Amino acid sequence: MDNKVLITGASKGLGYYLAHYFFKKGYSLVLHGRDLKRLNKLKDELNSKDRDIEIFNCELNDEVEITKLASFAFRKNVKILINNAGMICPGKSLENLSNDEINMMINTNLKAPILLSKYLLSNLSDIININSMIGLEPREKRTLYSASKFGLRGFSESLKLESKDLNILDVYPTNIKTWKERKNAMDVEEVIEKIYQSFISKEKKLIIDGRKSK
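This text gives an overview of the structure that appears in the document. (Residues numbered from 1 in each chain as written. Predicted model: local features only at pLDDT ≥ 70, side-chain atom pairs only at ≥ 80, totals over all residues. Heavy atoms only, no water.)

## Description of unusual backbone geometry
Backbone geometry at K141 places phi at a positive 60°, although glycine is not the residue there. Along the chain, K141 turns up in the loop between β5 (126–130) and α5 (143–162). For N184, which is not glycine, the phi dihedral falls at a positive 50°. (Helix = DSSP H or I, 4+ residues; strand = E, 2+ residues; numbered from the N terminus.)

Below, the structure is given as structure tokens:
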């Protein structure tokens with residue numbers, strides 16, 4: 001398979017499982033993460049002899065680093081961009097958020113996906129944006145996180161209107177069990193299977209709500 005996938009935030013969490021799944025399906029990979037040790041471990045786990053697996057270690061809070069990652073991915077002819085990396089919700093009221101927290105959240109959750117999409121646009125066939133149910137449903141003490149996820153939704157929906165030949169899938173999940181101790185969360189393998197099936201079916205939106213009905 002010629003299609004190469006860039007997965008941001010691949011060193012842990014959902015990105016780690018996405019890397020394993022797309023590799024199993026025959027894709028070549030560019031794996032981004034902040035933890036070089038974890039990235040190298042993941043590459044060793046995949047142990048590819050017939051496909052390219054590249055790693056790129058950088059901070060998505062830094063515009064210069066985002067540009068370097070995009071240039072690397074462009075040279076490697078990445079066709080599928082999975083914007084997975086993101087900062088988790090700090091669960092603070094607006095008055096208790098520092099300016100550094102605001103900048104880091106917006107840069108990582110919103111600015112990085114926008115810039116990566118922009119820089120790679122001419123090469124891409126598909127984008128998968130891993131959003132959150134918070135991107136659809138605002139909650140108390142989620143002002144900053146909601147801003148980043150609502151922003152990503154707005155960006156993506158508008159880009160769909162501009163780029164008719166580019167398939168963009170927005171994924172809105174509730175909590176996912178990406179570590180064993182996490183409670184009230186969906187099975188990660190089931191989530192990834194749903195994401196992949198929506199991706200190959202060229203769907204535009206996927207809502208995965210694992211909350212129990214009242």
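Read on, since the account is not over.
## Remarks on the nonpolar core
Membership of the largest hydrophobic core comes to 32 residues, with the highest contact counts inside it found for I7, F22, L29, L31, I82 and I128. Counting residues in each nonpolar core, the second largest holds 22 residues, with A85, L116, L120 and L159 among its members. (Core = buried A, V, L, I, M, F, W, Y, C linked by side-chain atoms within 4.5 Å. Buried < 20%, exposed > 50% of the residue type's maximum accessible area, 1.4 Å probe, protein only.)

## Considerations on helix α4 (residues 99–120)
The terminal C-alpha atoms of α4 lie 30 Å apart, and with 22 residues this matches the ideal 32 Å at 1.5 Å per residue to within 8%. The largest bend in α4 is about 40°, located at K111, with the proline P113 one to four residues further on. By the burial criterion, the buried members of α4 are M105, N107, T108, N109, L110, A112, P113, L115, L116, S117 and L120. Looking at the buried positions of α4, the neighbouring elements they touch are β1 (4–7), α3 (63–75), β4 (80–83), β5 and α5. (Expected span 1.5 Å × (residues − 1). Bend = angle between axes of the 7 residues up to and from the residue. Contact = heavy atoms within 4.5 Å.)

## Focus on the sheet that holds strand β3 (residues 53–57)
One open sheet accounts for 7 strands, arranged β3-β2-β1-β4-β5-β6-β9; its pairing is parallel. Every other strand in the sheet has two partners, leaving β3 and β9 (205–208) as the edge strands with one partner each. Recorded for the sheet is a direction-independent mean angle of 15° between the axes of neighbouring strands. Of the strand pairs in this sheet, strand β2 (residues 28–33) and β3 are connected by 5 bridges, and their pairing is parallel. Bridging from a neighbouring strand, L29 pairs with I53 of β3. Seen against the sheet, α3 touches β1, β2 and β3 and runs at an angle of roughly 165° to β3. Those strands touched by α4 are β1, β4 and β5, and its axis lies near 175° from that of β4. (Pairing = 2+ DSSP bridges. Axes fitted to C-alpha atoms, helices over the stretch in contact; angles between N-to-C directions.)

## With respect to α5
Two residues of an α-helix separated by three or four positions point the same way, owing to the 3.6 residues in each turn. If you check α5, its first and last C-alpha atoms are 28 Å apart, about what 20 residues at 1.5 Å a residue would give, namely 28 Å. All of the buried residues in α5 are L144, Y145, S146, S148, K149, L152, S156, L159 and K160. Looking at the buried residues of α5, the elements they touch are α4, β5 and β6 (167–173).

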